[in-house]
Amino acid sequence: MGWKPGVDENLGSYVYLLIDPREGRVFYVGKGTGGRCFSHVQEARHTTRDSKGDYEKLAMIRDIEASGHDVQIDILRHGLTESEAFLLEASAMDLLGFSDLTNRVVGKGTHWLGRMSVDDVNAQYGAEPVKFDPSHKVILIRVPRRFSKGMGREALYEATRVWWRMGSRRLEADYAMAVHGGVVRAVYKIDKWVNPTEEVIAEDPIREGRHGFEGHIDEEMEATYLFTDVTEWLPLGAQNPIRYVNC
């Protein structure tokens, strides 16, 4: 498997796809020059399943070949500069969906330029500094580690509501706001506070002594505060992910 003599000199930088021919499914997107697109198959053939650092891409290649098929390699676009190849690789990953690929690293620029919803674009570029009504008693909760672009309402709620180190001031709050990138992504009316059960603590002992809440989206509050910039209250570099406002 490889290029015929003289072919690679005409390719420049290119973006390629590794495809499972049994389903026609793309499982890897890459960029390179020369014979880069063939290197993964060679790596899979010359390493073993329990090799240190082995991962899903190599396992997929081995599975395809064990079934009597060859990995299909398509060149998505060639004759590119290196920067163009970076951009196309990232765009292809965004289009196909990173969760459906075996790539271990997202494309260059994906975190700030990649595929995102209109809401995420508005949050990134259109957030205005918040002005809190003094009567609104709020807890700001930063959820960066569990946040992902385009995540659903229910997933964001679960990522926001549990489990946090909070003092008694939490009992004064009427609302909780999910914050990512210094911007409010959801506003919840707090119905009640809850503590982790013994089962939850047994699963992860660090949750002992922490608190969570049960609540629901407050549309009226979101009309005022959704996609506002709260970095004045909860700076991006702040170690504590919790900030109380008016309570």
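This write-up is about the structure you can find in this document. Owing to the predicted nature of the structure, the values given are computational and were not obtained by experimental measurement.

## Description of the environment of Gly182
Examined against the element boundaries, Gly182 turns out to sit in the loop between β6 (175-180) and β7 (183-194). Each C-alpha atom, one on Gly182 and one on Thr231, is 4.9 Å from the other, the two residues being 49 residues apart in sequence. Sequence-distant contacts of Gly182, that is, excluding residues within four places in its chain, are made with Thr228, Asp229, Val230, Thr231 and Leu236.

## Quick look at the nonpolar core
Core analysis: the biggest nonpolar cluster contains 20 residues, and Ile139, Ile141, Leu156, Met166, Tyr188, Phe213 and Ile242 have the highest contact counts within it. Among the elements of the structure, β5 (138-142), α6 (153-161), β6, β7 and β10 (242-245) are those that each provide at least two residues to this core. Beyond its immediate sequence surroundings of up to four residues, Leu156 is in contact with Val143, Phe147, Met151, Ala178, Arg185, Ala186 and Tyr188. Among the nonpolar cores identified, the runner-up in size contains 15 residues, and Tyr14, Cys37, Phe38 and Val71 belong to it.

## Observations regarding the side chain of Glu89
As for its placement among the helices and strands, Glu89 is situated in helix α3 (residues 82-96). The side chain of Glu89 sits in the buried core without any salt bridge; Lys31 is the nearest counter-charge, 5.6 Å away. With residues near it in sequence (within four places) discarded, Glu89 still touches Val15, Val29, Gly30 and Lys31.

## As for the packing of aromatic side chains
For any two aromatic rings, the description comes down to two numbers: the centre-to-centre distance and the angle of the planes. By the definition in use, this model includes 10 aromatic pairs. Seen in terms of ring centroids, Tyr157 and Tyr188 are 5.3 Å apart; in terms of plane orientation they differ by 55°. Their pairing is tilted. Of the two residues, Tyr157 is situated in helix α6 and Tyr188 in strand β7; the sequence distance between them amounts to 31 residues. Between Trp193 and Phe213 the ring centres are 6.1 Å apart and the planes differ by 75°, which places this aromatic pair in the edge-to-face class. One end of the pair, Trp193, is in strand β7; the other, Phe213, is in strand β8 (residues 212-217), and 20 residues separate them in sequence. Residue Phe213 is classed as buried on the basis of its relative accessible area, which comes to 0%. One Lys or Arg, Lys31, reaches over the ring of Phe86 and ends 4.1 Å from the middle of that ring.

The rules behind each value
Residues numbered from 1 in each chain as written. Predicted model: local features only at pLDDT ≥ 70, side-chain atom pairs only at ≥ 80, totals over all residues. Heavy atoms only, no water. Helix = DSSP H or I, 4+ residues; strand = E, 2+ residues; numbered from the N terminus. Contact = heavy atoms within 4.5 Å. Core = buried A, V, L, I, M, F, W, Y, C linked by side-chain atoms within 4.5 Å. Buried < 20%, exposed > 50% of the residue type's maximum accessible area, 1.4 Å probe, protein only. Lys, Arg positive; Asp, Glu negative; His and termini not counted. Salt bridge = Lys/Arg side-chain N within 4 Å of Asp/Glu carboxyl O. Phe/Tyr/Trp six-rings, centres within 6.5 Å; stacked < 30°, edge-to-face > 60°. Lys NZ or Arg CZ within 6 Å of the ring centre and 35° of its normal.

Any functional reading would require information that these geometric values do not contain.
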